[in-house]
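Results of the structural survey
Chain residues, written in single-letter form:
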Amino acid sequence: MRSETSADPHLKTYRQLVERHLGELFAEPPSPYDRLFQAARYSLFNGGKRLRPLLTLAVCDLLGGDLEIALNPACAIEMIHTYSLIHDDLPSMDDDDLRRGKPSLHRAFDEGLAILTGDYLLTRAFELLATTPLMSDKDKLNLIGLISKAAGAQGMIGGQVIDLSGDAVTLESLAAMHRLKTGALFHAAVLSGAIVAQAPEDHYKILGKFASLLGLAFQIQDDVQDATGDEKNYATLLGVEKAKQEVQRLAHEACELLSVIQGNHAPLTQIVKGIVAG
Ligand code: GRG
């Protein structure tokens, strides 16, 4: 994915903007809770692909929006994604010792601090949205509504609860679970770019469909890479070859949808290619 995202000069610029903005947001002055910022930085600057903020910036750019204004929602979504990974790695969840090849946060620090760092990133994300400069109160409220729904019971947390229940064992129930667990945040990332760019009403439906197809392609591709056969996922239910074909089909359909929107599709198309490439 990294080679795909650096292949497009726009994506390279978006990535630099995201890194700079996150760097500024988490360059905290010394405080009695220094360890919290150290822990937040450990997880935020740990080799993530920045897929979701890149999507927000690419959609905003496609629609002629201001990238500087899009940076707060883009980074807020990356902070929420990071919190979900920290909590997902905890002993009471997946109990993972490694994240992106390095010790997970609760291993590098301690479990209590990992819980608090996740909580901090989630709450700080909404503080950031509420205090975004140069944005109307209406747009801020729209973003807060969109992103909180995607992170909550009707999105990521709801999907995680279904996942933990172990009930998602058919293709249909897996799709429904992933639509909430991972798809909802992709959806919010795409539509946040549209909100910042003041997209015309008819674009929301197209971009929403684009995000749903992309979210599913991402999840199936993740399952293909993770197909050990010991748990029910797309690759084990469909077979690896069919799952790969499904990723291609979804990606193609997603890119086709963009053709009705005028502008430079190259950065978004490149993100889709990066997802397909895994
Ligand atoms: C709120 C505890 C809690 C969990 C929510 C989203 C989620 C449920 C947990 C995250 C863990 C997980 C394995 C999600 C599946 C999707 C996935 C592979 C996420 C990783 O996303 P990438 O590839 O990550 O964008 P990077 O490392 O690039 O940031």
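Residues numbered from 1 in each chain as written. Predicted model: local features only at pLDDT ≥ 70, side-chain atom pairs only at ≥ 80, totals over all residues. Heavy atoms only, no water.

1. Thoughts on the site of the ligand
Near the ligand there are 19 residues, and of these Lys49, Arg52, His81, Asp88 and Arg100 occur at the shortest range. Taking Arg52, its side chain carries an N or O atom lying 2.8 Å from an oxygen atom of the ligand. At a separation of 2.8 Å, an oxygen atom of the ligand approaches a polar side-chain atom of Arg100. When the ligand is considered free in solution it has 720 Å² of accessible area, and contact with the protein chains removes 89% of it. Only helix 4 (51–62), helix 5 (67–88), helix 9 (156–165), helix 10 (171–196) and helix 11 (201–225) provide two or more residues apiece to the shell around the ligand. For the shell around the ligand, the leading source of residues is helix 5, giving six residues. In the shell around the ligand, the residues fall into six nonpolar, seven polar and six charged. (Near = heavy atom within 4 Å. Polar contact = N/O pair within 3.5 Å; in protein donor to acceptor, adjacent residues only side chain to side chain. Areas by Shrake-Rupley, 256 points an atom, 1.4 Å probe, with all protein chains shown as cover. Helix = DSSP H or I, 4+ residues; strand = E, 2+ residues; numbered from the N terminus. Nonpolar A, V, L, I, M, F, W, Y, C, P; charged D, E, K, R; others polar.)

2. Here we look at the packing of aromatic side chains
Summed over all chains, the structure comprises five aromatic pairs. Geometrically, the ring pair formed by Phe37 and Tyr120 is edge-to-face, given 5.6 Å between the ring centres and 80° between the ring planes. Taken together, the residues span a long stretch of sequence, with Phe37 in helix 3 (residues 34–44) and Tyr120 in helix 7 (residues 111–130) at a distance of 83 residues. Of the two residues, Phe37 and Tyr120, neither departs from the other in class, the shared state being buried. Plain terms: the ring middles of Phe186 and Phe218 are 5.0 Å apart, the flat faces sit at 50° to each other, and that makes the pair tilted. (Phe/Tyr/Trp six-rings, centres within 6.5 Å; stacked < 30°, edge-to-face > 60°. Buried < 20%, exposed > 50% of the residue type's maximum accessible area, 1.4 Å probe, protein only.)

3. Topic: empty space enclosed by the protein
Inspection of the entire model under this criterion finds one cavity of 30 Å³ or more. Estimates place the volume of the largest cavity at around 70 Å³. As for the largest cavity, its lining consists of Tyr42, Ser43, Asn46, Thr82, Leu85, Ile86, Asp89, Arg99, Arg100, Pro103, Ser104 and Leu105. It is helix 5 that provides the largest number of residues to the lining of the largest cavity, a total of three residues. Here the residues of the lining of the largest cavity sort into five nonpolar, four polar and three charged. (1 Å grid on protein atoms, 1.4 Å probe; cavity = no way out; pocket = protein on both sides within 12 Å on 5 of 7 lines; lining within 4 Å. Points joined across faces, edges and corners; volume = space filled by probe spheres on them.)

4. Here's the deal with helix 2 (residues 9–25)
Along its 17 residues, helix 2 runs 24 Å from first to last C-alpha, staying within 8% of the 24 Å computed at 1.5 Å per residue. Of all the positions in helix 2, only Leu11, Tyr14, Arg15, Leu17, Val18, His21, Leu22 and Leu25 are classed as buried. Seen along its axis, helix 2 keeps its buried residues to an arc of 160°; they face one direction. Between the side-chain oxygen at the start of helix 2 and the backbone nitrogen of His10 there is a gap of 2.7 Å, and the oxygen is on Asp8. (Expected span 1.5 Å × (residues − 1). Arc of directions from axis to C-beta.)

Interpretation note: all reported values are geometric properties and have no functional meaning in isolation.
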